[in-house]
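Chain residues, written in single-letter form:
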Amino acid sequence: MGNDVVIIGSGLGGLICGSLLARSGRSVLVLERQVQPGGCIQSYQRDGFSFDTGLHYVGGLAEGQPLHSIFSHLGLMQLPWVRLDADGYDRVTIGSQTFPLAEGYDHFVDTLSEYFPQERKALEQYVELMRHLPPMKEIGIIGAYDWLNSLFHDPLLINVLSGPALKMELRRESLPLFNFAHGMSSYIASSWRLKGGGHLMVSTLVSDIQRMGGKVICHADVNQLVEKEGRIVAVRCTNGETYEGNVFISDVHPQVTFSWLGEESRLLKKTFRRRINELQNTFGMFTVSLILKKGVLPYFNHNKYVYLKPNVWTFYEDTDSVGGVMVSCRVPEEGNDARQIDLMTPMPWTLCESWTDTSVGHRGETYLNLKNRLADECINLAERVIPGLKDMVEKRYTSTPLTYRDYTLTPCGSAYGMRKDYRNILMTTLSPRTPVPNLLLTGQNLILHGIEGVTKTAVLTCGELLGKDFVNKFWDFE
């Protein structure tokens with residue numbers, strides 16, 4: 001018996017689509033190739049500790065802010081969210097100077113104006129854009145880097161404002177202002193960490209789907225979209241299992257999704273395939289997950305961004321050494337001792353190419369040596385803001401874009417999906433709709449990435465089935 005909707009991939013986008021559509025009365029089936037659902041918001045266990053793969057903090061959860069309404073609808077506001085320090089939810093260190101980014105648009109301006117008094121009016125213009133985000137048709141065709149340089153006179157301030165953007169790929173020649181602004185604005189409104197980790201979001205959404213009669217099946221590795229009479233009628237998995245449906249939603253990278261339709265398929269034109277396959281992907285991330293000894297470091301309720309030089313937009317181009325790192329502290333399960341810290345830095349695919357044909361656990365000694373070198377450099381850089389960090393470490397674990405590629409089927413282990421380009425915004429921004437009449441897309445590759453971006457994209461995907469009024473219940477998104 002077929003399902004109303006079959007969702008391929010159980011990342012945040014797939015699970016939100018599953019929950020929203022199940023709530024609307026659709027029969028929903030979610031297929032996940034891995035042993036557990038969640039994609040980049042899942043958690044994994046090591047030595048009795050739970051580590052997050054991609055969730056570190058979220059913006060805009062307070063009442064009246066971008067995510068509050070939809071998260072309340074999904075039951076996610078009931079989770080143990082911890083609000084970050086209002087006087088500096090992010091601290092950006094460049095060289096020997098540290099600058100706090102404060103919560104609240106006015107507080108944000110007042111705080112940075114103490115360091116850059118001559119830029120106050122420009123800062124007010126900056127937060128005005130962040131507070132009232134224009135639609136893509138207005139600022140999707142403007143380059144973020146060029147806009148910042150036209151607004152501010154002090155290059156250091158541009159680096160400070162861009163410092164927390166390790167949650168996106170900063171590229172001077174392509175990043176649209178639309179994506180930069182959406183990636184920054186909600187965090188100024190309010191910033192939050194989830195005590196307990198991303199698996200709490202996953203379990204909430206999975207339970208919601210199941211409570212509404214839907215199913216989530218793991219070990220379901222889709223490798224074919226079965227077509228008949230101009231539509232998809234089923235998906236086939238590597239184990240031979242076939243699942244029928246009326247509508248199919250893919251939360252998997254579009255380049256992988258469309259590869260499941262053979263070259264002989266008449267549903268996709270060659271020009272469309274070429275366009276999708278030629279789109280570039282953003283860089284991946286190198287992560288060092290640390291377990292600290294007991295009692296050596298108090299928990300800090302903010303994120304630290306550390307750069308050797310004022311080159312925030314280009315530091316990752318130097319592949320010889322780590323020039324910038326994000327430091328994120330997990331909320332302690334009890335007490336006030338920090339026991340877990342994540343260090344993250346961009347890792348271009350060129351550093352991974354030698355191991356393209358390898359799999360997890362079978363990459364060899366040279367790969368391990370590279371990971372150890374990068375981990376040491378990340379820790380050394382983090383010691384600028386946490387002196388003695390190296391001696392606090394009890395154990396450490398590392399991951400590279402290869403790790404993410406193998407677990408999430410993301411080409412090149414891309415951290416933020418397909419690269420958007422303001423010079424050709426229509427070609428690099430994908431719609432949930434596809435040339436296949438009953439195949440939809442969702443996830444970070446379409447319009448926006450990150451928790452907020454993927455949530456908004458999932459609502460738009462569901463809107464293709466539930467109507468525009470459904471989308472307007474949560475926000476006016478153009």
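Up top is the structure.
All values derive from a computational prediction rather than experimental measurement. (Residues numbered from 1 in each chain as written. Predicted model: local features only at pLDDT ≥ 70, side-chain atom pairs only at ≥ 80, totals over all residues. Heavy atoms only, no water.)

S.K.: Go over the overall build of the chain, please, and point to the residues and values.
M.R.: For the chain, the helix and strand inventory stands at 17 helices and 19 strands. Relative to the 2.2 N^0.38 estimate, which gives 23 Å for 478 residues, the radius of gyration of the chain is 22 Å and therefore close to what a compact globule would have. When the backbone C-alpha atoms are referred to their principal axes, the chain occupies close to 65 × 50 × 40 Å. Looking at the chain as a whole, 61% of its 478 residues are labelled buried. In the chain, the proportion of contacts linking residues at least 24 apart, taken out of those at least 6 apart, comes to 71%. Summing over all exposed atoms, the chain offers an accessible surface of approximately 19700 Å²; the carbon and sulfur share of this is 48%. Counting 47 positive and 52 negative side-chain charges, the chain places the averaged centre of each group 3 Å from the other. (Helix = DSSP H or I, 4+ residues; strand = E, 2+ residues; numbered from the N terminus. Rg over C-alpha atoms; globule rule 2.2 N^0.38 Å. Buried < 20%, exposed > 50% of the residue type's maximum accessible area, 1.4 Å probe, protein only. Contact = heavy atoms within 4.5 Å. Areas by Shrake-Rupley, 256 points an atom, 1.4 Å probe, with all protein chains shown as cover. Lys, Arg positive; Asp, Glu negative; His and termini not counted. Charge placed at Lys NZ, Arg CZ, Asp CG, Glu CD.)

S.K.: Any chance you could break down the packing of helix α3 (residues 105-115) against helix α4 (residues 120-131) for me, citing the residues and the numbers?
M.R.: Relative orientation of the contacting elements α3 and α4 amounts to 155 degrees, with a least axis distance of 10 Å. With respect to each other, α3 and α4 are oriented roughly antiparallel. Pair α3 / α4 crosses with right-handed handedness. On α4, the residues that touch Tyr105, Asp106, Phe108, Val109, Asp110, Leu112 and Ser113 of α3 are Arg120, Leu123, Glu124, Tyr126, Val127, Met130 and Arg131. (Axes fitted to C-alpha atoms, helices over the stretch in contact; angles between N-to-C directions. Parallel < 35°, antiparallel > 145°, perpendicular 65-115°, else oblique. Left-handed = near helix turned anticlockwise from the far one by under 90°.)

S.K.: Describe the side chain of Gln34, listing the residues and the values that go with them.
M.R.: With respect to the secondary-structure elements, Gln34 resides in the loop between β2 (28-31) and β3 (43-46). Only 3.2 Å separates the side chain of Gln34 from the backbone oxygen of Tyr407, close enough to count as a polar contact. Look past the residues within four positions of Gln34 in its chain and what remains in contact with it is Cys218, His219, Asp406 and Tyr407. (Polar contact = N/O pair within 3.5 Å; in protein donor to acceptor, adjacent residues only side chain to side chain.)

S.K.: With reference to specific residues and values, describe the pattern of salt bridges.
M.R.: Following the criterion strictly, the structure yields 20 salt bridges and no others. Lys395 serves as the salt-bridge partner of Asp47, at 3.1 Å between the closest nitrogen and oxygen. Here Asp47, found in the loop between β3 and β4 (49-52), pairs with Lys395, found in strand β18 (residues 393-399); they are 348 residues apart in sequence, far enough to count as distant. Judged by relative accessible area, Asp47 falls into the partly exposed class, the value being 45%. Taking the shortest distance from any N to any O, the salt bridge between Glu124 and Arg120 comes out at 3.4 Å. (Salt bridge = Lys/Arg side-chain N within 4 Å of Asp/Glu carboxyl O.)

S.K.: Give me the lowdown on the nonpolar core, citing residues and values where you can.
M.R.: Residues Tyr126, Phe152, Phe180, Met201, Ile341 and Leu343 are the most contacted members of the largest nonpolar core, which totals 162 residues. When residues no more than four places from it in sequence are discounted, the contact partners of Phe180 are Tyr126, Met130, Ala144, Leu148, Leu161, Ser162, Met168, Leu170, Leu175 and Trp313. (Core = buried A, V, L, I, M, F, W, Y, C linked by side-chain atoms within 4.5 Å.)

S.K.: Which residues make up the packing of α4 against helix α6 (residues 144-151), and what values go with them?
M.R.: Closest axis-to-axis distance for the α4/α6 pair is 10 Å, and the angle between their directions is 145 degrees. Of the residues in α6, those in contact with Ala122, Gln125, Tyr126 and Leu129 of α4 are Trp147, Leu148 and Leu151. Looking at the contact of α4 with α6 residue by residue, the classes come out as 6 nonpolar, 1 polar and no charged. (Nonpolar A, V, L, I, M, F, W, Y, C, P; charged D, E, K, R; others polar.)

S.K.: So what about the pairing of strand β9 (residues 191-194)? Which residues, and what values?
M.R.: Of the two faces of β9, the one holding Ser191 and Arg193 and the one holding Trp192 and Leu194 are both buried throughout. Note: strand β5 (residues 58-59) against β9, 2 bridges, orientation antiparallel. Residue pairing for β9: Gly59 is matched across the bridge by Ser191. (Pairing = 2+ DSSP bridges.)

S.K.: Break down unusual backbone geometry for me, citing the residues and quoting the values.
M.R.: If you check the backbone angles, Glu229 has positive phi at about 55 degrees while not being a glycine. With respect to the helices and strands, the residue Glu229 is situated in the loop between β11 (222-228) and β12 (231-237). A positive phi is found at Leu409, a non-glycine position, where the angle reads about 60 degrees. For Leu409, the position within the fold is in the loop between α14 (401-408) and α15 (425-428). Classification of Leu409 by relative accessible area gives partly exposed; the value is 25%.

S.K.: I'd love a proper account of the side chain of Gln42, names of residues and values included.
M.R.: Its place among the elements puts Gln42 in the loop between β2 and β3. Only 2.7 Å separates the side chain of Gln42 from the side chain of Gln36, close enough to count as a polar contact. For Gln42, the side chain forms a polar contact with the main-chain oxygen of Gly39, separated by 3.0 Å.

S.K.: Before we move on, can you summarise the packing of aromatic side chains with the specific residues and values?
M.R.: Ring pairs (aromatic) are described by centroid distance and by the angle formed between their planes. All chains considered together, the criterion is met by 18 aromatic pairs. Centre to centre, the rings of Phe99 and Tyr115 are 5.3 Å apart; their planes meet at 70 degrees, and the pair counts as edge-to-face. A residue pair is termed long-range when its members are at least 10 positions apart, and Phe99 in strand β8 (residues 97-101) and Tyr115 in helix α3 qualify at 16 residues. A relative accessible area of 2% places Phe99 in the buried class. Centroid distance Phe258 to Phe272: 5.1 Å. Interplanar angle 85 degrees. Geometry classified as edge-to-face. Of the two residues, Phe258 is situated in helix α10 (residues 254-259) and Phe272 in helix α11 (residues 270-278); the sequence distance between them amounts to 14 residues. According to the relative accessible area criterion, Phe258 is buried, its value standing at 5%. In textbook terms, an aromatic cluster arises when at least three aromatic residues are bridged by ring pairs, as seen for Phe283, Tyr307, Phe315, Tyr316 and Tyr416. Over the ring of Tyr145 we find Arg172, and its NZ or CZ is 5.8 Å from the ring centre. (Phe/Tyr/Trp six-rings, centres within 6.5 Å; stacked < 30°, edge-to-face > 60°. Lys NZ or Arg CZ within 6 Å of the ring centre and 35° of its normal.)

S.K.: Describe in detail the sheet that holds β8, supporting the description with residues and values.
M.R.: Read across the open sheet, the 7 strands follow the order β8-β7-β15-β16-β17-β14-β18; overall the sheet is mixed. The outermost strands of the open sheet, each flanked by one partner alone, are β8 and β18. With direction set aside, neighbouring strand axes in the sheet form an average angle of 20 degrees. Across 4 bridges, strand β16 (residues 324-329) lies against strand β17 (residues 340-347) in antiparallel orientation.

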